[in-house]
Amino acid sequence: MIKLENVSKIYDENIKALQDISLEFKEGELVILKGVSGSGKSTILSLIAGLSKPTIGEVIVDGKKISKLPDHFAASYRRDNIGIVFQKYNLIPELTVEENVLLPLFPLNLKREIMKEKAARVLEKFTIAHKTGVMVRNLSGGEQQRVAIARANINDPKIILADEPTANLDEKLSREFIAILRELKSKKRTIVVSTHDPLFFELDFVDRVINLEHGKLL
Amino acid sequence: MSLSKLLFLVLIVSANLFAYPNYSHSLKVKKIYPMGEKIFKKRCSQVDVAAYSSYDALLSAIQKSTKCGSLKTAYQEALALYLWDHKSVKKRETNYPSLDVDHKEKCPICGMFLYKYPRWVAMIEYKDGKKYYFDGLKDMFKYYFLHPKGIENFFSRDYYTQETIPLKSAYLVLGSNVYGPMGNELIPFKDKKSAEQFLFDHKGRSIIRFKDVTKATVHKLDE
Amino acid sequence: MSKINFYLLEYAFSYIVRHKSKNIFIVTVFTLLVALLSSLFFVTSSVTHDLKERIAYKSDIFIQNYKAGMPAAINTKLLDRLLEIEGVTGGKVEVKGDYYFRAKDSNFYLYGVDAFEDQEDPLIAKLLQKYDLDDSEMLVSDNVQKIMSQAYYKEYFNFIKPDGSLQKVNIKDSFDVGERVELKNLVLLSKDTLRKIFGYRADEGSDITLSVANKNELEFISSKIRLMLPNAKVISKDELEQSYEKLFDYDNGVFLSLFIIAIFTFFIIIYDKANGLSSEEKREIGILKAIGWCVEDVLHAKFYEAALLSFFSFTLGFMIAFVYVFVLKAPLLGAIFTHENMLNIHDFTLGVHIDFSYILLIFLLSVPVYIAATLIPSWRVATLDADEVMR
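**Student:** Please provide a residue-by-residue account of the overall build of chain A, values included.
**Tutor:** A count of helical and extended segments in chain A gives six helices and ten strands. Taken against the 2.2 N^0.38 rule, which gives 17 Å for 218 residues, the C-alpha radius of gyration of chain A at 17 Å falls within 12% of a compact globule. With the C-alpha coordinates of chain A rotated into their principal frame, the extents come out at 45 × 40 × 35 Å. Looking at chain A alone, contacts between residues at least 24 apart form 71% of all its contacts between residues at least 6 apart.

Here it is, written out as C-alpha cells:
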C-alpha cells in the first residue's frame, strides 16, 4: 500500500530529518511510529501525505510515485485517499462544525444537498452530529477532537494519518480516540500514527511499532 | 470771425447735418441694416418710407415722430438708412429655398451623407419640381453635365455668409487651399469683392462665372 | 471557473473577518483614497461638462485689448474695421465687467445691453424682449436684489463711479437665473449708463465679439485679426473648446499632488501585503493543502478574499465621493479642485456628469493591483512544501 524506498529528507541547513529509510505499510495495517520530537516521525507522515518531497528516494502510495505527481493530481489524490488528523486539530474556530468538516470539499463546489448529506453522515458516525450548526470555538476539547477526526474521514479515505493525536488530551479523551482508531481499523483502513504516548504501545490491534531516532530506523 | 467765414461754416454744417452718410457696404450690411430692421419691427413700424422723396426728409420725419423721436441719434440713423436703402430692394426680395437636408439625404454622385457637411450643400432644382442635393459644386456639376435638360435653377451657400445664393450669378474660385468633402472644389461667392478677398487669402488660382464651367474644369479638379 | 464557488466565497469572507483589525485598516485607507480621487474626478468632469455647454452662449470670436499685459478698454471704431473682414458676418462692442460692492463684500456682474443688437445669450435675450430698459433703469438677478435690499437699496442703487461720485440707477425688476448659476450676480443695464459707471468714454468698450457664419473660416479669420491687432487677445470658440478639454489635464497641480499621494499611500499597503504572509497565514495555507486543496483552490479562495475587500472598498469610496460631490455639492474641499484654474466652484451646479474613463483608471490602478499583491505571496507559499503543518 505505502512504500518508502531509500528515502532521505534533508533540509536547507543540512538538517537530516530522515536518512535512508525504507519502509512498507500493508493495506489495513495500523502502524505506530515511535520516537521523540525531531526523530523524523512527522516527516514520514508528511511524505506519505505528499505534503513534502523526499530529497533522495521514492514514496509510492497505492502504486503511484506521489512525489512525481503534479500539484493538481497530488491534491486530489490526497483529498480522496488520505485523511489527516493534526496534533492541534487545525480547525477553523469561526466556522461551524458542518463547515469545518466540509472544508476539504469546498473547492469541488458540489450541490448543497450533497454536501449536507456527506457532512451529516460523517458527523453521525463520530457522534458529533448534535453540534452541526455550532461554531467550533464554542466546543469542548473532546468535541473538537471528534470534529477533526470527522473531517479526516469526510471522503472515506483509505489511509488515515494521525500526528501526535493525543498530545494535548487527558487520559479519558485519549482512550476515546483509541476507541475510534479501533473502529477505523476494523473497517480495513491503513492507519499510521506518530506518537510517543505510551497508551499506544500496548494495544492489541496495533500491527507494528516502528522506532525512530535521529531520522534512522532502529 | 468774419461774416463770410461764418456763413461758410453754417453752410458746411447744415449740409452735413442731414447728408446721406457714407458708410462702407460691409458696415451697412453687417451692423446697420440688422439694427435698423430690429428698430423698425420693434418700435417704428408705422413709418412708410414710400412717403418720402429724400433721405433727409425721411430722417427728419423720424426725428420728429413721437414714437421714434426718443431714440438715440445712432438708432435713428440706422433706421433711416435701413428703410431708405431697402425700399427699392423690397420688391425684389426673393426667398431662396432652404438648403437644410435631413439625415437620409445622400449625394447622387458619391453617395456620402449630406447632413455631415451642411456648409457645402449645393442643389439643382428641375422644372418638374425635383430637387437634387450634393456635397459640393464639383459633384453638382458632374450631375448637371449628365442631366443638362430641364433645369430650373442652381443654388449653393455663399462661402462667407452661408446664405443661399443662386449660382448663375455667383463668382466661383478655383484652386484655393480650402478643400471640401470631395477634395478640390469650386467655392461660390455672391459678389466679386468677397471672391477676390478669398482668392487672395486662400491662394486661389482664378475666379470664374457659372457659364465658364465646363467638363474639363471639373475634370481638372480631380487631378 | 465559470460558476462562483460560494463555499470558497464563504471561506474567504470568514477569513477576512478573522483578521478584522488589519482588514478594517486596509478597507478604510483604500476607501478614503478612492473617495478622494473620485471626488476630484467628479468635480472636474462636471465642471468641464458645464463649461463646454456654456460655450453655446459664447460668440465666435472674442477680442480684448491689452495694455502692459493687462486687459484695457477697446475702441469702438475697431469694430467697424473688423466688420470689413470678409467672413465676419456680424459683431458688437460689449460693455461689461465686475462691480465690487464693498458694503456686502459681493461682486456684481454688470452687463451693458442694447435692445437693438443681436443677443446670443438666451436668458438675456428673453429679458430684453420682455422689458424695455432706458438709461435710468436696470434689471437685477434675484440674488443681487437680495444683497441690495439687505443694504437698504430697494428701489434703486447708487453705483460709485471711479471719480467718487454716484450714479443712481433704478431697479426696474428682478429675474431668476434658473440653472445659469454662473449668472447669479447678473445686472442688466444700458451700455451708456454702464460706461459712466465704469468710467469708459463714449467711444470705448470692454471687448468686441464677432460672429463668423462659416466655422471653416474661424481659425483663418482669428489669425488675421491677431496680425491686425498685435496687442489684443483674440479667442475663437474652437480654441475655447480645446482649452476646456485640457483644463483639468494631467499637468494640473492639484490633480498631480493628490494622485501622487494616493498612489504612494496605496503602494505602502501593497508593499506590506506583497512582502509575505505571517506565519499564521502560512500555516492556514498549509492546512488547506493538507486536507486536499490544490494550489489553484488556495488561490481561488485568496482571489475571493482580495476581490471582496477591494470591490467593497472601491464601491464604498465611489459612493462616498458621489454623495459628497453631487448631493452635498463638495463643501470645504471642493474649492481646492477648481482653484488652480481660477474657477469658483460655486459658479457650477455640479450636475451628475461623470467621465467614466477616470473612474475606470482608478479602478484599474487599485483593484487588480491589490488582488495581485494578495495572490502573489499566497502563490509562493502555496507552492512550497507544506510540511510545516505537520510540526
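There is more to say after this.
**Student:** Outline the overall build of chain C, listing residues and values.
**Tutor:** If you tally the helices and strands in chain C, you get 13 helices and 13 strands. Overall, chain C is about 100 × 50 × 40 Å in size when its C-alpha atoms are taken along their principal axes. Looking at the 391 residues of chain C, the share that counts as buried comes to 37%.

**Student:** Help me get a handle on the sheet that holds strand E3 (residues 30–34) of chain A, residues and values and all.
**Tutor:** Residues and elements named next belong to chain A. In spatial order, the strands read E6-E7-E8-E3-E9-E10; together these six strands make up an open sheet with mixed pairing. Only two strands of the sheet have a single neighbouring strand rather than two, namely strand E6 (82–85) and strand E10 (216–217). Bridge count between strand E7 (residues 159–163) and strand E8 (residues 190–195): five bridges; the pairing is parallel. Note on E8: the bridge partner recorded for Leu161 is Val192. Where helix H6 (residues 171–186) meets the sheet, its contacts fall on E3, E7 and E8, and the angle it forms with E8 comes to roughly 150 degrees.

**Student:** I'd love a proper account of the interface of chain C and chain A, names of residues and values included.
**Tutor:** Counting residues at the interface gives 25 residues for chain C, matched by 25 residues for chain A. It is helix H1 (residues 6–18) of chain C that provides the largest number of residues to the side of chain C that touches chain A, a total of six residues. Class assignment for the residues of the side of chain C that touches chain A results in 13 nonpolar, four polar and eight charged.

**Student:** Any chance you could break down the sheet that holds strand E5 (residues 171–174) of chain B for me, citing the residues and the numbers?
**Tutor:** Residues and elements named next belong to chain B. Within the open sheet, the three strands sit side by side as E6-E5-E7. Their pairing is antiparallel. Two strands lie at the open edges of the sheet, namely strand E6 (187–189) and strand E7 (206–209), each paired on one side alone. Averaged over all pairs of adjacent strands, the angle between strand axes in this sheet comes to 35 degrees, irrespective of strand direction. With three bridges joining them, E5 and E6 adopt antiparallel strand pairing. The residue of E6 that forms the bridge with Leu172 is Pro188. The strands that helix H8 (residues 192–201) touches are E5, E6 and E7; relative to E5, the one it contacts most, it runs at about 10 degrees.

**Student:** A description of the environment of Arg205 of chain B should follow, citing residues and the corresponding values.
**Tutor:** Residues and elements named next belong to chain B. Turning to its location among the elements, Arg205 is positioned in the loop between H8 and E7. Of the residues examined, Arg205 has 10 C-beta atoms within 10 Å and is grouped as exposed. When the C-alpha positions of Arg205 and Leu174 are compared, they lie 5.7 Å apart, and in sequence the two are 31 residues distant. Ignoring sequence-local partners within four residues, the contact set of Arg205 consists of Leu174 and Gly175.

**Student:** An account of unusual backbone geometry is needed here, citing residue identities and associated values.
**Tutor:** Residues and elements named next belong to chain A. We note that Tyr89 has phi near 65 degrees; this positive angle belongs to a residue other than glycine. Tracing the chain through its elements places Tyr89 in the loop between E6 and helix H3 (97–102). The partly exposed category is assigned to Tyr89, around which 19 C-beta atoms lie within 10 Å.

**Student:** So, the interface of chain C and chain B: which residues are in play, and what are the values?
**Tutor:** Every contact between the two is made by 16 residues of chain C and, on the other side, 20 residues of chain B. Those elements that place two or more of their residues in the side of chain C that touches chain B are helix H3 (77–83) and strand E4 (88–94) of chain C. Examining the composition of the side of chain C that touches chain B, we find that three residues originate from one element, E4 of chain C, more than from any other. Each residue belonging to the side of chain C that touches chain B can be placed in one class, and the counts come to five nonpolar, five polar and six charged.

**Student:** Give me the lowdown on the domain arrangement of chain C, citing residues and values where you can.
**Tutor:** How large an interface is tends to be reported as the accessible area lost when its parts come together. Under the domain assignment used here, chain C contains domain 1 (6–53 + 247–390) and domain 2 (59–237). On a C-alpha basis, the centres of domain 1 of chain C and domain 2 of chain C stand 48 Å from each other.

**Student:** Would you mind going over the environment of Ile291 of chain C in detail, with residue names and values included?
**Tutor:** Within the secondary structure, Ile291 of chain C is located in the loop between helix H10 (279–290) and helix H11 (295–327). For Ile291 of chain C, a count of 26 C-beta atoms within 10 Å gives the class buried. Spatially, the C-alpha atom of Ile291 of chain C lies 79 Å from that of Arg102 of chain C, the residues being 189 residues apart in sequence. Discounting chain neighbours no more than four positions away, the residues touching Ile291 of chain C are Ile84, Leu103, Pro104 and Arg151 of chain A.

**Student:** Give a detailed account of the pairing of E6 of chain A, specifying residues and quantitative values.
**Tutor:** Residue and element names in this part refer to chain A. Every second residue of E6 is oriented toward a common face, with Ile82 and Ile84 on one face and Gly83 and Val85 on the other, all of them buried. Pairing between E6 and E7: four bridges, direction parallel. Note on E7: the bridge partner recorded for Gly83 is Ile160.

**Student:** Could you give an account of the arrangement of the chains, naming the residues involved and the relevant values?
**Tutor:** Take the two pairs of chains in contact: the one carrying the most contacts is chains A and C. These two, chain A and chain B, are apart from each other, with no contact and a minimum C-alpha gap of 55 Å.

**Student:** An account of helix H4 (residues 112–125) of chain A is needed here, citing residue identities and associated values.
**Tutor:** Residue and element names in this part refer to chain A. In this model, H4 (14 residues) spans 20 Å end to end at C-alpha, consistent with the 20 Å of a helix rising 1.5 Å per residue. Of the residues making up H4, those classed as buried are Met115, Ala119, Val122 and Leu123. Along the axis of H4, the buried positions cluster into a sector of 100 degrees, meaning they face one direction only. Turned more than 90 degrees off the buried face of H4, the exposed positions are Glu113, Ile114 and Glu117. Taken together, the buried residues of H4 touch H3 and helix H5 (141–152). Looking at the residues trailing H4, positive phi occurs at Thr127, about 50 degrees.

**Student:** Please give an account of the packing of helix H9 (residues 253–274) of chain C against helix H13 (residues 356–383) of chain C that cites residues and values.
**Tutor:** All names here are of chain C. The geometry of H9 relative to H13 is characterised by a closest axis approach of 8 Å and an angle of 20 degrees between their N-to-C directions. With respect to their mutual orientation, H9 and H13 come out roughly parallel. The chirality of how H9 crosses H13 is right-handed. Contact residues: H9 offers Phe266, Ile270, Lys273 and Ala274, while H13 offers Ser366, Val369, Tyr370, Ala373, Thr374, Ile376 and Pro377. Broken down by class, the residue content of the contact of H9 with H13 amounts to eight nonpolar, two polar and one charged.

**Student:** So what about the confidence of the model for chain A? Which residues, and what values?
**Tutor:** Here chain A shows a mean pLDDT of 86. Residues at 70 or above account for 100%. When pLDDT is averaged over each helix and strand of chain A, the minimum, 76, is found for E10 of chain A and the maximum, 92, for H3 of chain A.

**Student:** Summarise the nonpolar core; cite the residues concerned and give the values.
**Tutor:** Inside soluble globular proteins, nonpolar side chains tend to come together where they are buried. Ranked by internal contacts, the top residues of the largest apolar core, which has 83 residues, are Ile48, Ile84, Val101, Ala150, Leu161 and Val192 of chain A. Contact partners of Ile48 of chain A, with chain neighbours within four places excluded, come to Ile2, Val59, Val61, Leu161 and Val192 of chain A. Counting residues in each nonpolar core, the second largest holds 50 residues, with Phe154, Tyr160, Val173 and Leu186 of chain B among its members.

Reading guide: rules and limits
- Residues numbered from 1 in each chain as written.
- Chains lettered and ligands numbered in written order.
- Predicted model: local features only at pLDDT ≥ 70, side-chain atom pairs only at ≥ 80, totals over all residues.
- Helix = DSSP H or I, 4+ residues; strand = E, 2+ residues; numbered from the N terminus.
- Rg over C-alpha atoms; globule rule 2.2 N^0.38 Å.
- Contact = placed C-beta atoms within 7 Å.
- Buried ≥ 20, exposed ≤ 12 C-beta atoms within 10 Å, placed from the backbone.
- Pairing = 2+ DSSP bridges.
- Axes fitted to C-alpha atoms, helices over the stretch in contact; angles between N-to-C directions.
- Nonpolar A, V, L, I, M, F, W, Y, C, P; charged D, E, K, R; others polar.
- Domains from an automatic or database assignment.
- Expected span 1.5 Å × (residues − 1).
- Arc of directions from axis to C-beta.
- Parallel < 35°, antiparallel > 145°, perpendicular 65-115°, else oblique.
- Left-handed = near helix turned anticlockwise from the far one by under 90°.
- pLDDT = per-residue confidence, 0-100.
- Core = buried A, V, L, I, M, F, W, Y, C linked by C-beta atoms within 7 Å.

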